Amino acid sequence: MDEEIDTRKINNSFLRDHNYATEADIISTVEFNPTGELLATGDKGGRVVVFQREQESKNQPHRRGEYNVYSTFQSHEPEFDYLKSLEIEEKINKIRWLPQQNAAYFLLSTNDKTVKLWKISERDKRPEGYNLKDEDGRIRDPTTITALRVPVLQPMDLMVEATPRRVFSNAHTYHINSISVSNDYETYMSTDDLRINLWNLEITNQSFNIVDIKPANMEELTEVITAAEFHPNQCNTFIYSSSKGSIRLCDMRASALCDNHSKFFEEPEDPSNRSFFSEIISSISDVKFSHSGRYLMTRDYLTVKVWDLNMESKPLETYQVHDYLRSKLCSLYENDCIFDKFECVWNGSDSVIMTGSYNNFFRMFDRNTKRDVTLEASRENSKPRAILKPRKVCVGGKRRKDEISVDSLDFSKKILHTAWHPSENIIAVAATNNLYIFQDKVN
Amino acid sequence: MSLLCQAPTALVGWPPWLEASVQHASQFWMANMYSKGTKRKFSDSVDVATDNKAVLYSRQRQSLLDMSLIKLQLCHMLVEPNMCRSVLIANTVRHIQEEMTHDGSWQLVTEAFSGSGPSDHLVATEVLCRSSVLEQQDGGPKLYSVMGYDSCHEEEVVTDEGLCSVAVGDGAPALLGTIDHCWDRAVEDRVIKDSGSEVKDGTRSWEGAKTVMGQVFGTFEIKNGAPGSDPALEELFSAVDASYYDLDTILTDIQSTPKMGPYNLLDSMTSSHGPTSNSSCRTDLNELDHIMEIIVGS
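Residues numbered from 1 in each chain as written. Chains lettered and ligands numbered in written order. Predicted model: local features only at pLDDT ≥ 70, side-chain atom pairs only at ≥ 80, totals over all residues. Heavy atoms only, no water.

As annotated in an unreviewed UniProt entry, chain B is Cell division cycle associated 4 from Hucho hucho.

The test is simple: UniProt positions are given in the numbering used here, feature names are shortened, and annotations may be inferred rather than shown by experiment.
Chain A appears in an unreviewed UniProt entry as Serine/threonine-protein phosphatase 2A 55 kDa regulatory subunit B from Salmo salar. We quote the UniProt Subunit (unreviewed entry) comment for chain A here in full: "PP2A consists of a common heterodimeric core enzyme, composed of a 36 kDa catalytic subunit (subunit C) and a 65 kDa constant regulatory subunit (PR65 or subunit A), that associates with a variety of regulatory subunits."

Here is the structure:
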């Protein structure tokens, strides 16, 4: 697929353009809103930056709407848990948008312990002509007022303000890894390593526990929850994935506590590939329903799998993301790269899936044509408006020109977070502290 | 290196056999680091003979176990460690232990490590034995590219196919030449020093492992502080004086070039009791002195 690059080198004070990544600037989550008009990123410093797509102008039809910074705010601050003597990181783990119901935009953002509902609204008018205070805001002496007037709204420069509307805290003992909004738009769930809680968006002082896999004796703990998501169309259905490579589908109508699953998806282990690292690489790092709700996609360390909801025994399709790493698992275990959590995304029509890899590579798989492509998100190798060139990793043997050998891969440059516009072919790729936005080329 | 410096605080309150395992692991890891400049004889070790293959597999497995134990210990204690990662590493350790128990090689480990405080110094014997034995070999296969935990840049990507594509049911021979020899020595010492203790069987490994997991995941619960950790440490150090004198005597009798270990360093601290006969080995390892001081937390 040809891609035109519209590299957004964000040059404001938050996302600096340095060779080394300032830790706080590392992007930790990327998410489009349901219409695709807005794109939100969260970073390790607890900040959220929202981009808005320009209105396409008739004067320049070839210039598709580009994304510009719309709002920036500090969502979470670092905290200290006095009981355990441990810091609570302010890093934003996930952002999820709520569907738009009025002029304002709402999103949920979460760190390890607390979920917050933010309202992002525009202000482009302000009232003028108060009686009791003058234009600067100073209180006027009532005795000097001789006539009354009605304040009128005057236009002003557009101001975008973000205000926290709800704070959902103190419900998670362990680290929150996912949030997902239900189809009913009234509830959402937050997931930590061992429990899933259900919240009402209006109520912050209570939540319901719907999944609890904590063993009575913590010494017997062998499995944690890694991700969870609500079904896009059925508000009673959700799935959660585990570190042992299984996915459970639960129906909230069956019981209040969904410890018993309705469906259990797991692929039997391939005995020929068994090693000490088998379990680690089978751990699922991300799970996503397709937009249609018929399929679900899982990402483990080396593959992406598409499952049919009606078939639990094995996945429908398996795609190798970077199988050349299979012989390097020991080294990747040593440097902890084997624990990297890559995300995966569907495109709007569920025909293409995308996920990240190392060396700033990301991969796309076309489910229909079975073709796949490896692309790179890097400034050195791409100029704005240039077509992205497919990359190839050479696995032993003779290395062709333009190929890169496995040993030259940079494992510190990993693309963990990507997002796909809900209806168009626009993707957002987070490469450490840089955000890249790519669009389909329009002739 | 800074990673190793964190070791002492994390080791307090852990079961003795695990402590020893980790210290041995640190030492082994460091031995690898310091001798990385020498030949990488990995290819030479891959001989056709099944014996070598089994030894290789066992060493790789042991290295993996050591690495896993270090990882479990040395997580950042300022922020809560990633639970998924800890669970996966713990499962890997369990898996290795299962296999080693199946092989029978785990029993020897627990035999050497069992017992309470006073027999901890025997761990040192085993530790010293082991590393010295491996040093006597061709330096041991340098299985892992040596890299700090901070960086992900690999100096050399070592093919580690042995570990990555092995069928568990292979059943590597239980007793492997070199390690067997080392264990015999340890058992012999035990007989001399501690004839009163019983030899525990392999089931103890599970209790040990469970305690390990409990303590790893215990950090996720409200910490009550490890009870008795300070007294245990006191006891450990207070027992140093007389026993180390004996230990050193035994060492110089048995080994020609004993390697520096943490307990040797303690000996140097209480130098009034230190026998002069050990001075020859100490001069060889001055480089390690400083590092081990940091590890033991003197």
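Following the structure, the description resumes.
## Some remarks on the sheet that holds strand β5 (residues 67-74) of chain A
Strands in a sheet are paired, the pairing made by backbone hydrogen bonds, and the direction either parallel or antiparallel. Residues and elements named next belong to chain A. This is how the line gets drawn: Should DSSP find at least two bridges between two strands, the strands are taken to pair. Working definition: helices are DSSP H or I runs of at least four residues, strands are E runs of at least two. Numbering for both runs from the N terminus. As a rule, the C-alpha atoms of each element are fitted with a line to give its axis, helices using only the stretch in contact, and angles between N-to-C directions run from 0 to 180 degrees.
Strand order in the open sheet formed by four strands is β2-β3-β4-β5, and the pairing between neighbours is antiparallel. Since the sheet does not close on itself, it has two edges, and those belong to β2 (27-32) and β5, each with one partner. Each strand of the sheet is rotated relative to its neighbour by a mean of 20 degrees, with strand direction disregarded. Judged from the five bridges that link them, strand β3 (residues 38-43) and strand β4 (residues 47-53) form a sheet pairing that is antiparallel. Along β4, the bridge assignment pairs L39 with F51.

## As for the nonpolar core
Within soluble globular proteins, side chains that are nonpolar tend to cluster in buried spots. Filter applied, for reference: Put simply, buried Ala, Val, Leu, Ile, Met, Phe, Trp, Tyr and Cys residues joined by side-chain atoms within 4.5 Å make one nonpolar core. Burial classes: relative accessible area under 20% of the type maximum marks a residue as buried, over 50% as exposed, and values in between as partly exposed (1.4 Å probe, protein chains only). Any two residues having at least one pair of non-hydrogen atoms within 4.5 Å are treated as being in contact.
Residues Y301, Y333 and I338 of chain A are the most contacted members of the largest nonpolar core, which totals 43 residues. Mapped onto this core, the elements with two or more residues apiece are α1 (278-282) and α2 (329-334) of chain A together with α5 (50-73) and α6 (83-103) of chain B. The greatest single-element share of this core, amounting to eight residues, is contributed by α6 of chain B. Excluding anything up to four places from it in sequence, Y333 of chain A contacts F277, I280, I338 and F339 of chain A together with L64, M67, S68, K71, I89 and T92 of chain B. In this structure, V373, L388, W420 and I427 of chain A belong to the second largest nonpolar core, which totals 16 residues.

## Considering the side chain of S121 of chain A
All names here are of chain A. On the secondary structure map, S121 appears in strand β10 (residues 115-128). Judged by its relative accessible area of 15%, S121 is buried. Residues within four places of S121 in sequence aside, it is in contact with A104, M159, V160 and E161.

## Describing the sheet that holds strand β27 (residues 372-376) of chain A
All names here are of chain A. Judged by pairing direction, the sheet is antiparallel, and its four strands sit side by side in the order β24-β25-β26-β27 without closing on themselves. The outermost strands of the open sheet, each flanked by one partner alone, are β24 (344-346) and β27. Across the sheet, the mean angle from the axis of one strand to that of its neighbour is 20 degrees, orientation sign disregarded. Relative to β27, strand β26 (residues 361-366) runs antiparallel, the two sharing five bridges. From the neighbouring strand, F361 faces β27, where its bridge partner is E376.

## Re the packing of aromatic side chains
Residues and elements named next belong to chain A. Our working definition: Within 6.5 Å between ring centres, the rings of Phe, Tyr and Trp (the latter by its six-membered ring) count as paired, and their orientation is classed by plane angle as stacked under 30 degrees, edge-to-face over 60, tilted in between. Either the NZ atom of lysine or the CZ atom of arginine qualifies as a charge over a ring when it sits within 6 Å of the ring centre and within 35 degrees of the ring normal.
For the structure on display, the rule yields 19 aromatic pairs over all chains. Centre to centre, the rings of Y319 and F365 are 5.0 Å apart; their planes meet at 35 degrees, and the pair counts as tilted. Note that Y319 is positioned in strand β23 (residues 317-320) and F365 in strand β26, a separation of 46 residues in sequence. Looking at F365, the relative accessible area reads 3%, which means it is buried. For the ring pair Y436 and F438, a centre distance of 6.0 Å and an interplane angle of 15 degrees mean the geometry is stacked. Comparing Y436 with F438 shows no difference in burial state: the two are buried. Stacked on the ring of Y130, the Lys or Arg K133 has its end atom at 4.7 Å from the ring centre.

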